[in-house]
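# Per-entry structural report
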Amino acid sequence: MKRNILSLAMTLALAGGLGSMPIQAYELYNQDESVLNADLEALFGVMRSSKSYDLLGNREKERSNWREGYIKYGFSASQGLGGAGSLYGAFNLLSSATWGDGDAAGVSEGSERRTAVEDAYLGWRSGNLFPWLGENGLDISGGRQIVAIGDGFLIQGDPVNFGDVDLGADFDRGGAYYLAARKAFDKTAVLRLGGSEGLRGDLIWLKSDNRYQAETELAIANLEHVNELGTLGLTWIHGLDVNYRFAEIVGLQERDGMDTVSLRGSGGLGVENLKLAAEYVTQDKHSGRENAWYLEGAWTFSDIAWAPTATYRYSRFSEAFDPLFYGLSRGYGTWFQGEVAANYAGPFNSNAKVHHVGLKVTPRENLTLGALYFDFDSLDKMRGNLSGRELDLYIEWMPNDHLLISPVLGFYQPDRSAENGGLQLSGNGTNTYLQLVVGTFF
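Residues numbered from 1 in each chain as written. Predicted model: local features only at pLDDT ≥ 70, side-chain atom pairs only at ≥ 80, totals over all residues. Heavy atoms only, no water.

### Here's the deal with the overall build of the protein chain
- Scanning the protein chain for helices and strands turns up two helices and 19 strands.
- Its C-alpha atoms give the protein chain a radius of gyration of 21 Å, within 12% of the compact-globule value 22 Å for 442 residues.
- Taken along its principal axes, the extent of the C-alpha atoms in the protein chain is 65 × 55 × 45 Å.
- Relative to its 442 residues, the protein chain shows a buried fraction of 53%.
- Pairs at least 24 residues apart make up 61% of the contacts formed inside the protein chain by residues separated by at least 6 positions.
- Approximately 17,900 Å² of the protein chain is accessible, and the part contributed by carbon and sulfur atoms is 57%. (Helix = DSSP H or I, 4+ residues; strand = E, 2+ residues; numbered from the N terminus. Rg over C-alpha atoms; globule rule 2.2 N^0.38 Å. Buried < 20%, exposed > 50% of the residue type's maximum accessible area, 1.4 Å probe, protein only. Contact = heavy atoms within 4.5 Å. Areas by Shrake-Rupley, 256 points an atom, 1.4 Å probe, with all protein chains shown as cover.)

### Remarks on the environment of Val46
- In this fold, Val46 is placed in strand 2 (residues 34-49).
- Between the alpha carbons of Val46 and Glu109 there is a distance of 15 Å; along the sequence they are 63 residues apart.
- Here Val46 is in contact with Trp66, Arg67, Leu434, Gln435 and Leu436, once residues within four sequence places are set aside.

### Describing the side chain of Asn349
- Tracing the chain through its elements places Asn349 in the loop between helix 2 (341-345) and strand 15 (352-364).
- Polar side-chain contacts of Asn349 include one of 3.3 Å to the backbone oxygen of Trp335.
- Ignoring any residue separated from it by four or fewer positions in sequence, one finds Asn349 in contact with Phe317, Phe321, Pro323, Tyr326, Trp335 and Gln337. (Polar contact = N/O pair within 3.5 Å; in protein donor to acceptor, adjacent residues only side chain to side chain.)

### Observations concerning the pattern of salt bridges
- According to the stated counting rule, one finds 21 salt bridges in the structure shown.
- Its salt-bridge partner being Glu296, residue Arg330 comes within 3.0 Å of it at the nearest N-O pair. Residue Arg330 is located in the loop between strand 14 (309-317) and helix 2, and its partner Glu296 is located in strand 13 (residues 288-300); the two are separated by 34 residues in the primary sequence.
- Where Lys353 meets Asp377, a salt bridge forms, and the shortest distance between an N and an O atom there is 3.8 Å. Taken together, the positions of Lys353 in strand 15 and Asp377 in strand 16 (residues 367-378) put the pair 24 residues apart, joining distant regions of the chain.
- According to the relative accessible area criterion, Asp377 is partly exposed, its value standing at 25%. (Salt bridge = Lys/Arg side-chain N within 4 Å of Asp/Glu carboxyl O.)

### What to know about the packing of aromatic side chains
- If you walk through the whole model with that rule in mind, you get 20 aromatic pairs.
- Taken together, a centroid distance of 5.7 Å and an interplanar angle of 85° make the contact between Trp66 and Tyr344 edge-to-face. With a gap of 278 residues between them, Trp66 in strand 3 (residues 64-80) and Tyr344 in helix 2 connect regions that are remote in the sequence. Assigned by exposure class, Trp66 and Tyr344 land together as buried.
- Taking the centre distance of 6.3 Å and the plane angle of 50° together, the rings of Tyr177 and Tyr344 count as tilted. Taken together, the residues span a long stretch of sequence, with Tyr177 in the loop between strand 6 (138-145) and strand 7 (185-193) and Tyr344 in helix 2 at a distance of 167 residues.
- Linked through ring pairs, Phe153, Tyr294, Phe317, Phe321 and Trp335 together constitute an aromatic cluster.
- The positively charged end of Arg125 is found above the aromatic ring belonging to Tyr88, 3.8 Å away from the centroid.
- Across the ring face of Trp335, the terminal group of Arg313 is positioned such that the distance to the ring centre comes to 4.4 Å. (Phe/Tyr/Trp six-rings, centres within 6.5 Å; stacked < 30°, edge-to-face > 60°. Lys NZ or Arg CZ within 6 Å of the ring centre and 35° of its normal.)

### Quick notes on a nonpolar patch on the surface
- On the surface, a cluster of nonpolar side chains totalling about 610 Å² of accessible area is made up of Leu229, Leu269, Val271, Leu276, Trp299, Phe301 and Ile304.
- Looking at the element boundaries, Phe301 is found in the loop between strand 13 and strand 14.
- The exposure class assigned to Phe301 is partly exposed, which follows from its relative accessible area of 37%. (Patch = residues over 30% accessible without salt bridge, like charges linked within 9 Å, V, L, I, M, F, W, Y side chains within 5 Å.)

### Quick notes on the environment of Glu390
- In this structure, Glu390 sits in strand 17 (residues 388-400).
- Separated by 297 residues in the primary sequence, Glu390 and Leu93 place their C-alpha atoms 36 Å from one another.
- Excluding residues within four positions of it along the chain, Glu390 makes contact with Gly338, Glu339, Val340, Ala341, Leu372, Tyr373, Phe374, Phe376, Phe411 and Tyr412.
- Of note is the side chain of Glu390, whose polar atom sits 2.9 Å from the backbone nitrogen of Ala341.

### Description of the nonpolar core
- Of all hydrophobic cores here, the largest spans 68 residues; its most connected members are Tyr53, Phe153, Leu154, Ile155, Tyr178, Ile220 and Tyr344.
- The element that contributes the greatest number of residues to this core is helix 2, accounting for four residues.
- Every residue in contact with Tyr53, bar those within four places of it in the chain, is listed here: Arg59, Ala104, Ala105, Val340, Tyr344, Ala345, Tyr412, Leu423, Gln424, Leu425 and Asn431. (Core = buried A, V, L, I, M, F, W, Y, C linked by side-chain atoms within 4.5 Å.)

### Brief notes about the pairing of strand 7
- Sheet analysis places strand 6 next to strand 7, joined by seven bridges and oriented antiparallel. Its bridge partner lying in strand 7, Gly143 is registered against Thr188.
- Between the end of strand 7 and the start of strand 8 (residues 198-207), which pair antiparallel, lie four residues, with Gly194 showing a positive phi angle near 105°. (Pairing = 2+ DSSP bridges.)

### Topic: the side chain of Ser50
- Mapping Ser50 onto the fold places it in the loop between strand 2 and strand 3.
- Polar contacts involving the side chain of Ser50 include one to the side chain of Asn431, which spans 2.8 Å.
- Within the local environment of Ser50, its side chain forms a polar contact with the backbone nitrogen of Thr432, the two atoms lying 2.9 Å apart.
- Residues within four places of Ser50 in sequence aside, it is in contact with Glu62, Arg63, Thr430, Asn431 and Thr432.

Below you can see the structure in the form of structure tokens.
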């Protein structure tokens, strides 16, 4: 039951969120190693789905028309310590809302409004204090911030934003479900060791205040080796605690004590225009062992006009696999596979195998056109048959450094309707999905 935000990797430092400073900020002061920035991030989206989905039992209308928006605003700063590294931090508020019918899955109702603290963290980086660790080879941070591991297959912030829907408890996080307005973990402590190359690692403690995530508390150990051929990573994630009141409603009781181990690799193996990625995850739960994995390859035809990139990926998630805090990292389709399927219709990175083919071209440096195709097949159809196919066409256009315009046209057809084991209301005909997102960043 996840949502998506558009591919803002070009403008936002979401993928490397261990206390990272925003890429876009307005510099207010810069003198004698002291820097103060004003931060602004705003997104507004208009969505129309010709079909709705019986995800929570609260949708009756065939169509859903709604709008979402949020604005994050505040300050970030850094202070050099005269050769002893630097301090950094940020404090940002976030205001979010949903209008209209609410989203097509009924996660939001259209009446959500909320303003709350989003980022509030402090950190210290070592600079060149420890040359054998590399520049900023020791980085310690804590507070309310985004944490990400690898390409977001398991951990990419805390971005599920439920609205004011009645599930037997208050799960309202302020709406803006698709845009994923709130992404920071409530409490974190992060130790990073190593520079940008060679052997590096992370030790992380985090706690979510997201009731849909049962306020999960995790311990994470991450080890990576980075060189010109690519990156190899090994991650261990241990569930420390959940809030059982909410865990029983959303079915996450087994996160308490659950162990998840991931082995992954990515890179081009020294071959220009080639990108490869793979990850295998094994998960030890009280009820048994689950797993998930994917293989992906992409090639950029750099000698052809518009430099087209073709991608194929196969992913598989076992019947009761817990996808944890996955999120967007490399653009549309990672790791929210299908704009309709990943957000409203399912599957949600569990009990499924997925074939994905993508093609994108870049007519200009600030303009990308893309097409994404997904074929979903539920493994255990007794748990619900969410098999189907989806085609998404999208544009990412940045007219200037501070403005993003991204329309999406999607076509989704499930094998089953809500009346015979699926989720789509009013039959299993093709859903035409329209979306326009506009963002500004300073």
